[in-house]
Amino acid sequence: MTVPHVDSVSVADLPADFSDSVVLLDVREADEWELGHAPSAVHIPMGDVPARFGEIDPDAQLYVICRQGGRSARVVEYLQQVGYESVNVRGGMVAWQKAGLPLVSDGSAEAKIY
């Protein structure tokens, strides 16, 4: 069995700004999201992607992120099969935090990934 090629980028190579046409899709679980996430990310947990991918503009430049890059790579494979061009973010939110990129949380605690 061959594994499809998944395009990947490092957090350093992500666009500076996200918008409707450039989307950062966070596929982590709700409890992970609540602890800390990128300010402009769209949250759709991995298990919900098949039912909710229609919420994402098919023409958007799409970057998919999880905690360390494994789940997001599988989501990228799936999205490519259904016609979405998407790119995996290597190292995930752990690399995001290590790079000192901004984080927000849904609670009152300081945002963190690890």
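Here is what the cut-offs are and how they apply
- Residues numbered from 1 in each chain as written.
- Predicted model: local features only at pLDDT ≥ 70, side-chain atom pairs only at ≥ 80, totals over all residues.
- Heavy atoms only, no water.
- Core = buried A, V, L, I, M, F, W, Y, C linked by side-chain atoms within 4.5 Å.
- Buried < 20%, exposed > 50% of the residue type's maximum accessible area, 1.4 Å probe, protein only.
- Helix = DSSP H or I, 4+ residues; strand = E, 2+ residues; numbered from the N terminus.
- Contact = heavy atoms within 4.5 Å.
- Pairing = 2+ DSSP bridges.
- Axes fitted to C-alpha atoms, helices over the stretch in contact; angles between N-to-C directions.
- UniProt positions renumbered as here; feature names shortened; annotations may be inferred.
- Phe/Tyr/Trp six-rings, centres within 6.5 Å; stacked < 30°, edge-to-face > 60°.
- Salt bridge = Lys/Arg side-chain N within 4 Å of Asp/Glu carboxyl O.

A. Spatial organisation of the nonpolar core. Counting residues in each nonpolar core, the largest one holds 18 residues, and the members touching the most others are Leu14, Phe18, Leu24, Tyr63, Val89 and Trp96. Going through the elements one at a time, strand E2 (22-26), strand E4 (61-65), strand E5 (86-89) and helix H4 (92-98) are the ones with two or more residues in this core. Tallying contributions element by element places H4 first for this core, with 4 residues. Contact partners of phenylalanine 18, with chain neighbours within four places excluded, come to Val23, Leu24, Ser40, Tyr63 and Trp96.

B. Representation of the sheet that holds E2 within the structure. In space, the 5 strands of this open sheet follow the order E1-E5-E4-E2-E3, with parallel pairing throughout. At either end of the open sheet lies a strand with only one pairing partner, and these are strand E1 (8-9) and strand E3 (42-43). Here E4 pairs with E5 via 3 bridges, running parallel. What sits directly across from leucine 62, in E5, is serine 86. Sitting on the sheet, helix H3 (residues 70-81) is in contact with E2, E4 and E5, with an inclination near 175 degrees to E5.

C. Representation of the UniProt feature "domain: Rhodanese" (unreviewed entry) in the protein chain within the structure. The UniProt record annotates "domain: Rhodanese" (unreviewed entry) at residues 18-105. Split by type, residues 18-105 is 33% helix and 18% strand. Its first and last C-alpha atoms lie 18 Å apart.

D. Structural view of the packing of aromatic side chains. Taken as a whole and judged by the stated rule, the model has 3 aromatic pairs. Ring centres of phenylalanine 18 and tyrosine 63 lie 6.4 Å apart, and the angle between their planes is 80 degrees; this geometry places the pair in the edge-to-face category. Taken together, the residues span a long stretch of sequence, with phenylalanine 18 in the loop between E1 and E2 and tyrosine 63 in strand E4 at a distance of 45 residues. Measuring from ring centre to ring centre gives 5.5 Å for phenylalanine 53 and tyrosine 84, while their planes differ by 85 degrees; the resulting arrangement is edge-to-face. A residue pair is termed long-range when its members are at least 10 positions apart, and phenylalanine 53 in the loop between helix H2 (49-52) and E4 and tyrosine 84 in the loop between H3 and E5 qualify at 31 residues. Looking at phenylalanine 53, the relative accessible area reads 21%, which means it is partly exposed. A residue is classified by how much of its surface remains accessible, and tyrosine 84, at 7% relative accessible area, is buried.

E. View of the environment of valine 64. Take valine 64: it is sitting in strand E4. With 49 residues separating them in the primary sequence, valine 64 and isoleucine 113 have C-alpha atoms 16 Å apart. Setting aside residues up to four positions removed in sequence, valine 64 forms contacts with Leu25, Val27, Ser72, Val75, Val76, Leu79, Ser86, Val87, Asn88 and Val89.

F. Structural context of the pattern of salt bridges. Applying the stated criterion across every chain, the model contains 4 salt bridges. When the shortest N-O distance is used, the salt bridge between arginine 28 and aspartate 26 registers 2.8 Å. Aspartate 26 sits in the buried class, given a relative accessible area of 0%. Beyond isolated ion pairs, a larger network of salt bridges with shared partners links Asp48, Arg52 and Glu55.

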